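# Remarks on the overall topology
Given next are the chains, with one letter for each unit.
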Amino acid sequence: MTGAFPLSDETVKALAPCNLPFLRHDPFVRSASSASILALPPVVQQVVRRLYDTLLDIFARFDRLRQVNHDELRQVLHDADWHHLLHELRSISLSHHDPVLGQVIHDIRGGSLQALALQLQLLEADQSLPVETERIYLLTRDHLKIMRNCLPDLDPERTARDVELRAHGVDLLLEKWQQADYRLPDGSASIVVDARYDGVVADRCVEFSALDRVVYNLVNNATRHSADQRVMIGIFPLFECESPSLRIVVANRIDPLQRSALEQRFGQHWSALFRGGFSFSSDGSRGHGFGLAICAELVANAYGVANGSAAIAGGYVGARPHGDLFVAWFHWPIAAP
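Calculation rules
Residues numbered from 1 in each chain as written. Predicted model: local features only at pLDDT ≥ 70, side-chain atom pairs only at ≥ 80, totals over all residues. Heavy atoms only, no water. Phe/Tyr/Trp six-rings, centres within 6.5 Å; stacked < 30°, edge-to-face > 60°. Helix = DSSP H or I, 4+ residues; strand = E, 2+ residues; numbered from the N terminus. Buried < 20%, exposed > 50% of the residue type's maximum accessible area, 1.4 Å probe, protein only. Disulfide = S-S within 2.5 Å.

This part covers the packing of aromatic side chains. Counted under the stated rule, the structure contains 11 aromatic pairs. Both rings, one in Tyr197 and one in Phe239, keep their centres 6.1 Å apart while their planes meet at 55°; by these two values the pair is tilted. Pair noted here: Tyr197 is in the loop between strand E3 (187–195) and strand E4 (200–204) and Phe239 is in the loop between strand E5 (230–238) and strand E6 (245–253), with a separation of 42 residues, a long-range link. According to the relative accessible area criterion, Phe239 is exposed, its value standing at 52%. Centroid distance Trp270 to Phe326: 5.7 Å. Interplanar angle 20°. Geometry classified as stacked. Here Trp270 is found in the loop between helix H11 (256–266) and helix H12 (290–303), whereas its partner Phe326 is found in strand E8 (residues 325–333), with 56 residues between them in sequence.

Per the stated rule, a full pass over the model turns up 1 disulfide. With a sulfur-sulfur separation of 1.7 Å, Cys18 is cross-linked through a disulfide to Cys241. Looking along the S-S bond of the Cys18-Cys241 disulfide, the torsion reads about -110°, which is the left-handed sense. Here Cys18, found in the loop between helix H1 (9–14) and helix H2 (42–60), pairs with Cys241, found in the loop between E5 and E6; they are 223 residues apart in sequence, far enough to count as distant. Classification of Cys18 as partly exposed rests on a relative accessible area of 31%. For Cys241, a relative accessible area of 7% translates into the label buried. This cysteine, Cys205, is not joined by any disulfide, and Cys150 carries the nearest cysteine sulfur, 13 Å off. We classify Cys205 as buried; its relative accessible area is 1%. Free cysteine Cys295: the closest other cysteine sulfur is in Cys150, separated by 12 Å.

This is the structure we're talking about:
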């Protein structure tokens, strides 16, 4: 499936080098930025397990056609005390713990959960409003997998299935992102995907969920900061390179204030954003910038390079301005046929 990506093929090709050594020697059975649930404080463990069990209950209500009884879902949310659960999740602070645990909690609170929470809020609000049942299904499915990717021992039985060999194609990205009306509490955007590749992107669910974590972090970031409520995703194969890879580019338009803030901090070297420690909002506040740093670590892990800093230095991940666009990219090794 192809579309009008805002960057020319030549510009996409010039974003990063083609020399992307693949240094991983072992199967992809665990992600970076993951931890044992037992490493979390007991109170946090309880909240995380309640969230996971609630999402499992929601997911179990769907039939094979991805249809669900909305009244049943409302009852699940009521029984789980859903709003209080989300409040407890947002209240978690691990700033004084291991940085990896901070990254884990970031993606458990982020990922697809924020978009899912808005869909469920719509479901609860008024039965006459249109509810995107398919979107609820996809977001719930994705977040369950992201949670297991972050905390493999959260559900050992399903995690064991996640590491079994099973091809995952680019169609699994298209089904949830192509022409998506994506809404977060602090932003919304229409997503358009230009995919120049239609093959396998991962040979295990655990790898695909790591890829999902990268894409959700980048799209969440782009959605929050898009000046025109549009986000463009380009998926480009690099067959001619040392390691067959996908170059996945996420672009959004930014306003002059955003660009000025980025240039004051980074000049034209916006790839440093992937080191974390910087986030931008219109009121001038700053966050931890965990999301892009997690992306760098996950991509580094996929290729077997040392860490996120090495992934940035090697061009595996990066960002740059292009006209009024913020352009971020990352690479993912194409699974062997």
